[in-house]
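Tertiary structure, described
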Amino acid sequence: SNVSLGVIGLSVMGSNLARNAASRGHHVVVYNRTTAVTEKFMADHGADGEFVATKTLNELVEALPAPRVVLVMVKAGNPVDAVLNGLKPLLTPGDVVVDGGNTYYPDTVRRFEDYQAAGLHFMGMGVSGGEEGALHGPSMMPGGSDKVWHLVKAVFEPMAADDKLGGKCVALTGPSASGHFVKMVHNGIEYAIMQIIAELYDILKSTYGLTHADLTAVFHALRDDPALSSFLLDITGDVLEVYEGEAPLIDFIIDQSEQKGTGRWTAETALQLGVAAPSIMAAVAARSQSGDLALRKKGETIRPVAPKQTKKVDLKQLIESTKAAYQTMVILSYIQGFEIILAGKSLGFTVDLPEVARIWRGGCIIQSALLGPITETFKATGDWTGKSLVSLITQSGVTGLRQLVADAAVTGTPALCIMSTLGYMEQMVATRLPQNIVQALRDDFGAHTYRRVDKEGVFHTHWKA
Ligand code: NBP
């Protein structure tokens, strides 16, 4: 083949991306720090494509025609620096190194500048889709210059998932570390939607007292609705169907969730940029709080304050209202993510939002049919903000969500993320918020001044009569 790619790191992601590249006819040169891993890779898959195995970075560079394209898929953090520093003296100007890991975007900004100073091209590229996506077609979010993107486009475009519109789930998201910035936010949205699904499960089970079969039917109805269909609902349907003996396997799984940091980074970045993202923050908080068993055990003593009771509902009606509420919550989660991406402009990440919504339509964890109307709304209104997406929120969604939260509250079912999502929506569309009180208090204790609805200017009052 006349398209060559070097792949460094042959763990789950690297090996599957290398196989994906070879399956598109690319000439693929592979390297892994531990040579035994490379040997195992060649033994298992070497015959499936045009692979060349190498034992050193130098051999890898020698085996690739210039200008070289090298994809680095090693553990985020120091391992990426180790590889980049090792490659730097071996490469020639015009070569492109792409970091496809879950790198924290400030690291990408730093490495981008370091490589630029050495006359080399560096690109940060978010890759989503997990193991399967990497093999059959992930969603890829590269960042950098147009010029460099054109050097690597022929390598990555054939490897990406289809966007179901005749295109591919890969596009230059924006300059510098935009790709890793967008991938970080993608993961933040992923945290929110997963937490919403988990809490919805709990409300169906604990608040409405549904049997496992009935709550599975509700999730299958969400999944099977063409307007809502999504990867996360697909795998939720799968997870609910696995039994161990008589009981669903999930009943045996410890109720504490782990995290690697991408959700926290998104939440921290949102705070830094002054963007409200309560669903993402609540999802991170829910994972952290789930680990605090000591507190939860102690809390059992005050649990009777909210007596456990269930509310009888008609299953058919519940399915309809849950569909509407779920649609609204997912739209609100995307809105928060898009607002963070937009605010990334102040960090130098000018991102084409309709393109991001398009490349998330396939391959990635947060792919959903709802991204269709979102892309269309962005394009039709030319307004790439959460404001334009408010039009996608339906009256039945609002009513359904309010009912869900009310019922969860009355029956004492925790729903941190769902409640935060409702709060975000109410606050977003409120014609008048109580921030007048906050302003008055700030002016009272700190003479911070306030503005008025009826007059121009800045005012200060001596509040104590
Ligand atoms: P890991 O994140 O588990 O990393 C393992 C790889 O890093 C191995 O090839 C290992 O080589 C290499 N490595 C390490 Br550790 N330290 C090194 C060093 N100092 N020099 C050279 N190589 C070093 O692999 P992964 O799960 O395939 O993920 C790769 C990247 O993709 C990560 O950033 C991850 O967050 C991201 N990602 C993962 C997924 C997923 O579903 N797993 C999805 C999307 C993105 P060794 O064999 O010699 O130890």
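Residues numbered from 1 in each chain as written. Predicted model: local features only at pLDDT ≥ 70, side-chain atom pairs only at ≥ 80, totals over all residues.

In terms of helices and strands, the protein carries 20 helices and nine strands. With the principal axes as the frame, the protein shows a C-alpha extent of 75 × 70 × 45 Å. Scored against the burial criterion, the 465 residues of the protein give a buried share of 45%. Counting contacts in the protein only where the partners sit at least 6 residues apart, residues at least 24 apart contribute 70% of the total. (Helix = DSSP H or I, 4+ residues; strand = E, 2+ residues; numbered from the N terminus. Buried ≥ 20, exposed ≤ 12 C-beta atoms within 10 Å, placed from the backbone. Contact = placed C-beta atoms within 7 Å.)

Here the focus is the site of the ligand. Around the ligand, the structure places 23 residues, and the nearest of them are Ser-11, Met-13, Arg-33, Pro-79 and Gly-101. Partitioned by chemical class, the residues of the shell around the ligand number 11 nonpolar, nine polar and three charged. (Near = placed C-beta within 6 Å. Nonpolar A, V, L, I, M, F, W, Y, C, P; charged D, E, K, R; others polar.)

Relative to the helices and strands, Val-356 is located in helix α15 (residues 353-359). On the basis of neighbour count, Val-356 is assigned to the buried category, with 26 C-beta atoms found within 10 Å. The spacing of Val-356 and Ser-139 is 217 residues in sequence and 10.0 Å in space, taken between C-alpha atoms. Not counting residues within four places of it along the chain, the set of residues in contact with Val-356 comprises Thr-173, Val-182, Ile-341 and Val-351.

With that settled, consider the UniProt feature "binding site: substrate" (unreviewed entry) in the protein. Following the UniProt record, one finds the feature "binding site: substrate" (unreviewed entry) at Asn-102, Ser-128, Gly-129, Gly-130, His-186, Asn-187, Tyr-191, Lys-260, Arg-287, Arg-442 and His-448. Spanning 347 residues, the annotated positions stay apart in the fold, the maximum distance between their C-alpha atoms being 49.4 Å. Inspection of the secondary structure puts Asn-187 in helix α8 (residues 178-207). Its 25 C-beta neighbours within 10 Å are what place Asn-187 among the buried residues. Contact partners of Asn-187, with chain neighbours within four places excluded, come to Thr-262, Gly-263 and Thr-266. For Arg-287, a count of 19 C-beta atoms within 10 Å puts it in the partly exposed group. Apart from residues no more than four positions distant in its own chain, Arg-287 is found in contact with Ser-257 and Gln-259. (UniProt positions renumbered as here; feature names shortened; annotations may be inferred.)

Interaxial distance between α8 and helix α19 (residues 416-429) falls to 7 Å at its minimum, and their mutual angle equals 115°. Classified by the angle their axes make, α8 and α19 are roughly perpendicular. Residues Ala-192, Gln-195, Ile-196, Glu-199 and Leu-200 of α8 lie in contact with α19, whose contacting residues are Cys-417, Ile-418 and Thr-421. Grouping the amino acids of the contact of α8 with α19 by side-chain chemistry returns five nonpolar, two polar and one charged. (Axes fitted to C-alpha atoms, helices over the stretch in contact; angles between N-to-C directions. Parallel < 35°, antiparallel > 145°, perpendicular 65-115°, else oblique.)

The subject of this paragraph is the sheet that holds strand β2 (residues 27-31). Spatially, β3-β2-β1-β4-β5-β6-β7 is the arrangement adopted by the seven strands of the open sheet, whose pairing is mixed. Each having just a single partner strand, β3 (50-54) and β7 (139-143) make up the two edges of the open sheet. Sheet twist, expressed as the mean angle between neighbouring strand axes with direction ignored, is 25°. The sheet contact formed by β2 and β3 spans five bridges and is parallel. From the neighbouring strand, Val-29 faces β3, where its bridge partner is Val-52. On the sheet, helix α7 (residues 146-156) packs against β1 (4-8), β4 (69-72), β5 (96-99), β6 (121-128) and β7 and is oriented at approximately 65° with respect to β5. (Pairing = 2+ DSSP bridges.)

Let's shift gears to the domain arrangement of the protein. On domain assignment, one finds that the protein holds domain 1 (4-172), domain 2 (183-429) and domain 3 (436-465). Centre-to-centre separation of domain 2 and domain 3, based on C-alpha positions: 38 Å. (Domains from an automatic or database assignment.)

Judged by nonpolar contacts, the single largest core of 129 residues is most densely connected at Val-30, Val-72 and Val-98. Ranked by the residues each element gives to this core, the list is headed by α8, at 15 residues. Each of two domains, domain 1 (4-172) and domain 2 (183-429), supplies a minimum of three residues to this core. Not counting the four nearest positions on each side in its chain, Val-72 is found in contact with Ile-8, Gly-9, Val-80, Val-83, Val-97, Val-98, Asp-99, Gly-100 and Gly-101. (Core = buried A, V, L, I, M, F, W, Y, C linked by C-beta atoms within 7 Å.)

Chain-level pLDDT for the protein is 96 on average; 98% of the residues reach the 70-or-more range. Prediction confidence for the complex, expressed as pTM and ipTM, is 0.96 and 0.98 respectively. (pLDDT = per-residue confidence, 0-100.)

Residues other than glycine predominantly adopt negative phi, and peptide bonds predominantly adopt the trans conformation. Residue Pro-67 follows Ala-66 across a cis peptide bond; omega there is -5°. In this structure, Pro-67 sits in the loop between α3 (57-63) and β4. Positive phi values are uncommon outside glycine, yet Ala-447 reaches one of about 50°. Mapped onto the secondary structure, Ala-447 falls in the segment after α20 (435-446). Backbone geometry at Thr-449 places phi at a positive 70°, although glycine is not the residue there.

Further remarks concern helix α12 (residues 278-290). With 13 residues, α12 ought to run about 18 Å at 1.5 Å a step, and its terminal C-alpha atoms sit 18 Å apart, in line with that. Along α12, the positions that sit buried rather than exposed are Pro-278, Ser-279, Ile-280, Met-281, Ala-282, Ala-283, Val-284 and Ala-286. (Expected span 1.5 Å × (residues − 1).)

With that settled, the discussion passes to the packing of α8 against helix α14 (residues 315-343). Two numbers describe a pair of packed helices, the interaxial angle and the distance between the axes. Relative orientation of the contacting elements α8 and α14 amounts to 160°, with a least axis distance of 9 Å. When the axes of α8 and α14 are compared, the pair comes out roughly antiparallel. When the axes of α8 and α14 are compared, the crossing they make is right-handed. In this structure, α8 contributes Val-182, Val-185, Gly-188, Ile-189, Ala-192, Ile-193, Ile-196 and Leu-200 to the contact, and α14 contributes Tyr-326, Met-329, Val-330, Ser-333, Tyr-334, Gly-337, Ile-340 and Ile-341. Looking at the contact of α8 with α14 residue by residue, the classes come out as 13 nonpolar, three polar and no charged. (Left-handed = near helix turned anticlockwise from the far one by under 90°.)

Moving on, we come to the pairing of β4. It is a general feature of regular strands that their side chains alternate between the two faces of the sheet. On β4, burial covers both faces: Val-69 and Leu-71 on one face and Val-70 and Val-72 on the other are all buried. Summarising the sheet, β1 and β4 pair through three bridges and their orientation is parallel. By the bridge assignment, Gly-6 is partnered in β4 with Val-70. The parallel pair β4 and β5, bridged by helix α4 (residues 78-87), forms a crossover whose chirality is right-handed. (Right-handed = clockwise from strand over helix to strand, strands pointing away.)

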